[in-house]
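As a plain string of letters, each chain reads:
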Amino acid sequence: MEFTHTMANTRTLGNGALPVREYTNVDHVWLAAEPFMRTRMNDVHLPMTLLYAELILDTIPEADELVTRVAAMLHDVGWSRVDESKILEEGFRSDNFLTSDIRVQHEIFGCDIAREILPGCGFDDEFITKVTDIIDGHDTRPVSHSIEDSIVRDADRLWRFHPTGLGFSAEWFGKPPQWVLGDLTGRVMGEMITPAGIAMAEAELSQSIKIFRLDIL
Ligand SMILES: [Fe+2]
Ligand SMILES: [Fe+2]
């Protein structure tokens, strides 16, 4: 597998790149979200998703950075309210895992939690609706509605190409890394939207293939 974009020519989380644009401080949003972040490793997944979103935002200055970033931070907090015993069985290992009831539930609960915590973080209804419009259907809706939506969708998928997300995917799907590689190249890569997101996906994946020896294992 040959990729145009590698760690050598791409700014991405996996090679230590950090955002370059000035971004609004959202530490208070993290603190408000923290009680909802332990389930399904979201205290790992959500910070990585935000960093990927910021690296994409660096390349798309016209996008609303605050809407994008708050949506990225909160998109999966709804997992904290679904029946945890069903997450792996229905959300990952069923034939229709991408559109399963539990997937829809985590999107709806995520919107609920955003509406509960964001007013206390100083955000108005108009802003909160922009955020929930992105969270709603982020996994189960096949199309993106806006550039901010596209950035969150790409950032959400990007961790799967990184060794951390690739490893968790192997565990959650109950499959070896080689199967996850097939899912990434056969499905997830084709869902990536932004040029920066595609470049980072290729760079991360080329590195993960080397780290996990997926050329032979
Ligand atoms: Fe999700
Ligand atoms: Fe996610």
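Numbers given for residues are sequential positions, taken from 1 along each chain in its written order. Starting at A for chains and at 1 for ligands, labels are handed out in the order in which the entities are written. Only residues with pLDDT of at least 70 get local features here, since the model is predicted, and only at 80 or more are side-chain atom pairs given and counted; chain-wide, interface and lining totals rely on the full set of residues.

Topic: the environment of glycine 110
Tracing the backbone shows glycine 110 in helix H5 (residues 101–117). The spatial distance from the C-alpha of glycine 110 to the C-alpha of threonine 164 is 23 Å, given a sequence separation of 54 residues. When near neighbours in sequence (up to four residues on either side) are disregarded, glycine 110 contacts Leu74, His75, Asp76, Val77, Gly78 and Ile135. What counts as a helix is a DSSP run of H or I of at least four residues, what counts as a strand is a run of E of at least two, and both are numbered from the N terminus. Note on contacts: residues are paired as contacts if their backbone-placed C-beta atoms lie within 7 Å.

Some words on the environment of methionine 1
Position of methionine 1 relative to the elements: it lies in the segment before helix H1 (27–33). With C-beta atoms placed from the backbone, a residue counts as buried when 20 or more other C-beta atoms lie within 10 Å of its own, as exposed when 12 or fewer do, and as partly exposed for counts between those limits. Methionine 1 gets classed as exposed once you count the C-beta atoms within 10 Å, which come to 10. For methionine 1 and aspartate 215, which are 214 residues apart along the polypeptide, the C-alpha to C-alpha distance reads 8.9 Å.

Some points on helix H2 (residues 42–57)
Between its first and last C-alpha atoms H2 spans 21 Å; for 16 residues at 1.5 Å apiece the expected length is 22 Å, and the two agree. Every buried residue of H2 is listed here: Asn42, His45, Leu46, Thr49, Leu50, Tyr52, Ala53, Glu54, Leu55, Ile56 and Leu57. Looking at the buried positions of H2, the neighbouring elements they touch are helix H3 (65–74), helix H7 (147–158) and helix H10 (195–211). A helix is expected to span 1.5 Å multiplied by its residue count minus one.

Some words on the packing of H2 against H3
Every axis in this analysis is a line fitted to C-alpha atoms, fitted for helices over the stretch in contact. Angles between the N-to-C directions lie between 0 and 180 degrees. Orientation of H2 relative to H3, taken along the N-to-C sense of each, is 155 degrees, at an axis distance of 8 Å. Classified by the interaxial angle, the pair formed by H2 and H3 is roughly antiparallel. Considering the relative orientation of H2 and H3, their crossing is right-handed. The segment H2 lies against H3, with Leu46, Thr49, Leu50, Ala53, Glu54 and Leu57 engaging Glu65, Thr68, Arg69, Ala72 and Met73. Basically, the charged four are Asp, Glu, Lys and Arg, the nonpolar ten are Ala, Val, Leu, Ile, Met, Phe, Trp, Tyr, Cys and Pro, and anything else, Gly included, counts as polar. Considered class by class, the residues forming the contact of H2 with H3 number six nonpolar, two polar and three charged. What sets the label is the angle itself: under 35 degrees gives roughly parallel, over 145 gives roughly antiparallel, 65 to 115 gives roughly perpendicular, and the rest give oblique. Working rule for handedness: look at the near helix, and if it is turned counterclockwise from the far one by less than a right angle, call the crossing left-handed; if clockwise, right-handed.

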